[in-house]
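Overview (structure and organization)
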Amino acid sequence: MGISKILRSLSTPYGIVFYTVLLSFLAWIMPDFGILRKGFSRQFSMGSFGFFLAMVWYASAIVCAFLFYSLALKAKLSPALFDRYASFDRKGPYVLLSMFAFIGGLASYMVILSSVGFNTIIGYISTGQANQLKYILYEDYSAGILSLRYLAIHSCALAIFRRYKLKQKSKLDVINVLLLLSAVVISSRLSLVMMLFICLILFVTHSSRIKIKPVKVTVAGVILFVLLSALSYSRNKGFYEAKGHGFWSAGISEIVTYLGTPFQGAVAVGNNSELITREPLDWARYAYIEESLSTNSAFLQLFQFYGWYAFLIMLFTVAVFSYVAGFLKKQRNNYLYLSVLTILYAFAEFWRLYWFGTGIMITLVVFPVLVIFITVFLSKSAWRNMKLQ
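In this text, all values refer to a predicted model and were calculated from it rather than measured experimentally.

Some details on the side chain of Thr-12
Topologically, Thr-12 is positioned in the loop between helix 1 (3-9) and helix 2 (13-29). Polar contacts involving the side chain of Thr-12 include one to the main-chain carbonyl oxygen of Ser-9, which spans 2.7 Å. Non-local contacts of Thr-12, meaning those with residues more than four positions away in its chain, are made with Tyr-69 and Leu-344.

Section: the packing of aromatic side chains
As enumerated under the stated definition, the model contains 31 aromatic pairs in all. On the numbers, 5.3 Å between centres and 55° between planes, the contact of Phe-88 with Tyr-335 is tilted. Of this pair, Phe-88 sits in the loop between helix 4 (80-86) and helix 5 (91-116) while Tyr-335 sits in the loop between helix 16 (310-327) and helix 17 (336-348), and the two are 247 residues apart along the sequence. Judged by its relative accessible area of 0%, Tyr-335 falls in the buried class. Site record: aromatic cluster; members linked through ring pairs are Phe-25, Trp-28, Phe-51, Trp-57, Tyr-58, Phe-263, Phe-299, Phe-311 and Phe-350. Taking NZ or CZ as reference, Arg-149 lies 4.4 Å from the ring centre of Tyr-150, over its face. One Lys or Arg, Arg-162, reaches over the ring of Tyr-94 and ends 4.4 Å from the middle of that ring.

A short note on the environment of Trp-351
Within the fold, Trp-351 resides in the loop between helix 17 and helix 18 (359-378). The exposure class assigned to Trp-351 is buried, which follows from its relative accessible area of 4%. In this structure, the C-alpha to C-alpha distance between Trp-351 and Ala-298, residues 53 residues apart in sequence, is 6.2 Å. For Trp-351, the residues in contact, after removing those within four places along its chain, are Thr-20, Val-21, Ser-24, Tyr-58, Tyr-258, Leu-259, Pro-262, Ser-297 and Ala-298. A polar contact is formed between the side chain of Trp-351 and the backbone oxygen of Ala-348, at a distance of 2.7 Å.

Overview of the state of the cysteines
Evaluated as defined, the whole model comprises zero disulfides. Here Cys-156 is not cross-linked by a disulfide; its sulfur's nearest cysteine counterpart is in Cys-199, at 6.5 Å. Take Cys-156: its relative accessible area is 2%, and that puts it in the buried class. The exposure class of Cys-199 is buried, given its relative accessible area of 7%.

Things to note about the nonpolar core
Core analysis: the largest hydrophobic core is formed by 103 residues, its most contacted members being Trp-57, Ile-153, Tyr-335, Phe-350 and Trp-355. In terms of residue count, helix 17 provides more of this core than any other element does, 11 residues in total. Setting aside residues up to four positions removed in sequence, Trp-355 forms contacts with Leu-190, Met-194, Thr-342, Tyr-345, Ala-346, Glu-349, Ile-360 and Met-361. Ranked by size, the runner-up nonpolar core spans nine residues in total, among them Tyr-109, Ile-112, Ile-121 and Val-185.

Some remarks on unusual backbone geometry
A positive phi angle, near 60°, is found at Lys-167, a position not held by glycine. By the element assignment, Lys-167 lies in the loop between helix 8 (151-164) and helix 9 (172-187). Non-glycine residue Tyr-288 carries a positive phi angle of around 60°. Relative to the helices and strands, Tyr-288 resides in the loop between helix 14 (283-286) and helix 15 (298-306).

What counts and how
- Residues numbered from 1 in each chain as written.
- Predicted model: local features only at pLDDT ≥ 70, side-chain atom pairs only at ≥ 80, totals over all residues.
- Heavy atoms only, no water.
- Helix = DSSP H or I, 4+ residues; strand = E, 2+ residues; numbered from the N terminus.
- Polar contact = N/O pair within 3.5 Å; in protein donor to acceptor, adjacent residues only side chain to side chain.
- Contact = heavy atoms within 4.5 Å.
- Phe/Tyr/Trp six-rings, centres within 6.5 Å; stacked < 30°, edge-to-face > 60°.
- Buried < 20%, exposed > 50% of the residue type's maximum accessible area, 1.4 Å probe, protein only.
- Lys NZ or Arg CZ within 6 Å of the ring centre and 35° of its normal.
- Disulfide = S-S within 2.5 Å.
- Core = buried A, V, L, I, M, F, W, Y, C linked by side-chain atoms within 4.5 Å.

Structure below.
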């Protein structure tokens, strides 16, 4: 299968689950060469029951996603209304989304500034303790206006897409990039990774022909690696130095740990199910995973709370969201597609984290719909059409 076909398959729930699980498996079996940190002290055997059960889990999710996504493609929901009032090339919805993102980002930093002050913020970032900013923000955290900072993920992705694909340039583009970077500092690398994922799918689904240029891909990969490594180092410099890691080895180790540990967690379910049931949070004992790590497989996460019912919960969730993604696929030219991209990202996290129903997901699914509603409500032409009918 060519790279272009792989990229297009990432816009489907089953495709993204398959390739993310494959990456996790490859990182899991990768040797540490005596210097890399893998996140767990003892690797399970590929001949164990746990490995077999993990394969059943992932295969069930992929098959279920394929069936319900394919079924939904037969349903019809005309994109005409949404394309008319809230297409990606219209500036009104873009301004509205950017405004919400700005309010969330400003509110978040006001909370932090009121607690520690500007100089302390700079000090935390410059000394590799940026994680402290997140801890400050979450000291008395509740869902609400602060959650709007996550909308910078959408607004930044749209800034890049509108500027380079739709050729719609705006001064807001720079502001949205800065909003995303400010959110990354206090909200972990997930915001950056998700923004890049959404950008990728937007460009792929709006390109009739995908041209792969090895040099540009390599340069982009190196830049991304350096950026992610810098973010990791700025947040946990002391931890890596204590482990004897420099900037580069820390960056590589972080990627290997990030990808491979969740597969170890998934295999642990079948091998130590009784121990997990008795001591669900002691993963260092039953999965041999470092205690500091917390996103250790969606399978393990669900099993800790629901036991063997985890399979039923997973299949129901995958079926519902796969159907929604397929049902709304034709909305790729308007803001409703941002909700689809958020759902696809939830599937992209399925190998390590049960992201469905989280606060950030709800925010990023609901607000594109709200933006469309407000845009139509404020549109004079929409009101005229309603009166004529």
